[in-house]
Amino acid sequence: MNLTRVFLVAVVAGLVSACPSATLASDDGASDRGAALLGPFKKNLKAALQQGMMDGIPTAITVCKDEAPALAAEYSVGGVVMGRTSHRLRNPSNTAPLWVNAVVEGYLEPDSDRQPAVTRLDNGRWGYVEPIATQPVCLACHGEPLAPDVAETIAAEYPDDQATGFKVGDLRGVFWVEFPGEQTASPGSSNGG
Ligand code: HEC
């Protein structure tokens, strides 16, 4: 195991100097890092939605409208960029970088098992995507038919909405995050374990 890692680090170091956009065989922990970066964003978004729902669904919609972009911005610091997107967007501002769309297309294939996906990007950066399945709680705002007051609020806030008509289990969208690669050669860094 250790030998494999040493070999991999050497390969990575070689590639980084010779060819920054090379594709690697291993994700070198990028998948764990992506999941960890998304954790607080997911948790706080869920809490904001639950809190908003206590004041009724139309209120929750406006809470979501303010909080979702604010939270994404709050956690998009230090070279990290994250967000949510979908093949059927409610908010066109949630359009993602192109590499994310390619992953979403894959999840939409009938035989896809929709596993979290890691992508090696240019400039030593990594991308990580997690699928979001439609759950029963989502149907109040993403299902069909919507309650009249919900439909009205959505139409007022999101005139180009494409995010209704989902069923439980459908792919609703994805969480995505882009982040810089680890400095594998930095002194004092420990990759033990
Ligand atoms: C109270 C209504 C409401 C509920 C319930 C709700 N959403 Fe949404 N959803 C919204 C609104 C409003 C937006 C647009 C937010 C924005 O402006 O970024 C949105 C946006 C999204 C997006 C971002 C992509 C896009 O279309 O803009 C995803 C993904 C998403 N919702 C998934 C879910 C999932 C999964 C659930 C259930 C766990 C859920 N939503 C429950 C109202 C809701």
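Below is a short write-up of the structure. All values reported here derive from a predicted model rather than from experimental measurement.

1. Some points on the coordination of the iron atom of the ligand
Logical step 1: Its sole protein donor being His142 (NE2), the iron atom of the ligand sits 2.1 Å from that atom.
Logical step 2: Along the chain, the position of His142 falls in helix H5 (residues 139-142).

2. Points about the sheet that holds strand S4 (residues 171-180)
Logical step 1: The sheet built from four strands is open, its strands ordered S1-S4-S3-S2 with antiparallel pairing. Single-partner strands in this sheet number two, and they are strand S1 (81-85) and strand S2 (117-120). Along the sheet, successive strands turn relative to each other by an average axial angle of 20°, direction set aside.
Logical step 2: For S2 and strand S3 (residues 125-133), the ladder comprises four bridges, and the chain directions are antiparallel. Note on S3: the bridge partner recorded for Thr119 is Gly127.
Logical step 3: Lying over the sheet, helix H4 (residues 98-107) contacts S1, S2, S3 and S4, oriented at roughly 145° with respect to S4.

3. Brief notes about the pattern of salt bridges
Logical step 1: Evaluation of the coordinates by the stated rule reveals four salt bridges.
Logical step 2: With a closest N to O distance of 2.8 Å, Lys65 and Glu157 form a salt bridge. Of this pair, Lys65 sits in helix H3 (residues 57-75) while Glu157 is found in helix H6 (residues 148-157), placing the two residues 92 residues apart along the sequence.
Logical step 3: A relative accessible area of 31% places Lys65 in the partly exposed class.

4. Looking at the packing of aromatic side chains
Logical step 1: Within the structure shown, the criterion is met by two aromatic pairs.
Logical step 2: A centroid spacing of 5.8 Å and a plane angle of 85° characterise the contact between Phe41 and Phe175, whose relative ring orientation is edge-to-face. Remark: Phe175 occurs in strand S4 and Phe41 occurs in helix H2 (residues 30-53); sequence separation between them is 134 residues. An identical accessibility class is assigned to Phe41 and Phe175; each is buried.
Logical step 3: Note on Trp99 and Trp176: the rings are 6.4 Å apart at their centroids and 90° apart in plane angle, and the pair reads as edge-to-face. Within this pair, whereas Trp99 is found in helix H4, its partner Trp176 is found in strand S4, the two being separated by 77 residues in sequence.
Logical step 4: We classify Trp176 as buried; its relative accessible area is 7%.
Logical step 5: The residue whose ring lies beneath Lys65 is Tyr158, and the NZ or CZ to ring-centre distance is 5.7 Å.
Logical step 6: Across the ring face of Phe166, the terminal group of Arg88 is positioned such that the distance to the ring centre comes to 3.9 Å.

5. A few points about H2
Logical step 1: With 24 residues, H2 should cover 34 Å at 1.5 Å per step; its first-to-last C-alpha distance of 34 Å lies within 8% of that length.
Logical step 2: Of the residues making up H2, those classed as buried are Ala30, Gly34, Leu38, Phe41, Leu45, Ala48 and Gly52.
Logical step 3: On the buried face of H2, the contacting elements are H3, S1, S2, S3 and S4.

6. Structural notes on the pairing of S4
Logical step 1: Across the ten residues that make up S4, a large majority, nine, are buried.
Logical step 2: The pairing of S1 with S4 spans five bridges and is antiparallel. Across the sheet, residue Gly83 finds its bridge partner in S4, namely Trp176.
Logical step 3: Sheet topology note: the S3/S4 ladder contains nine bridges and is antiparallel. Note that in S4 the partner of Arg125 across the bridge is Pro180.

Definitions and limits used
Residues numbered from 1 in each chain as written. Predicted model: local features only at pLDDT ≥ 70, side-chain atom pairs only at ≥ 80, totals over all residues. Heavy atoms only, no water. Donors = N, O, S within 2.8 Å, 3.2 Å for Na, K, Ca; no water. Helix = DSSP H or I, 4+ residues; strand = E, 2+ residues; numbered from the N terminus. Pairing = 2+ DSSP bridges. Axes fitted to C-alpha atoms, helices over the stretch in contact; angles between N-to-C directions. Contact = heavy atoms within 4.5 Å. Salt bridge = Lys/Arg side-chain N within 4 Å of Asp/Glu carboxyl O. Buried < 20%, exposed > 50% of the residue type's maximum accessible area, 1.4 Å probe, protein only. Phe/Tyr/Trp six-rings, centres within 6.5 Å; stacked < 30°, edge-to-face > 60°. Lys NZ or Arg CZ within 6 Å of the ring centre and 35° of its normal. Expected span 1.5 Å × (residues − 1).

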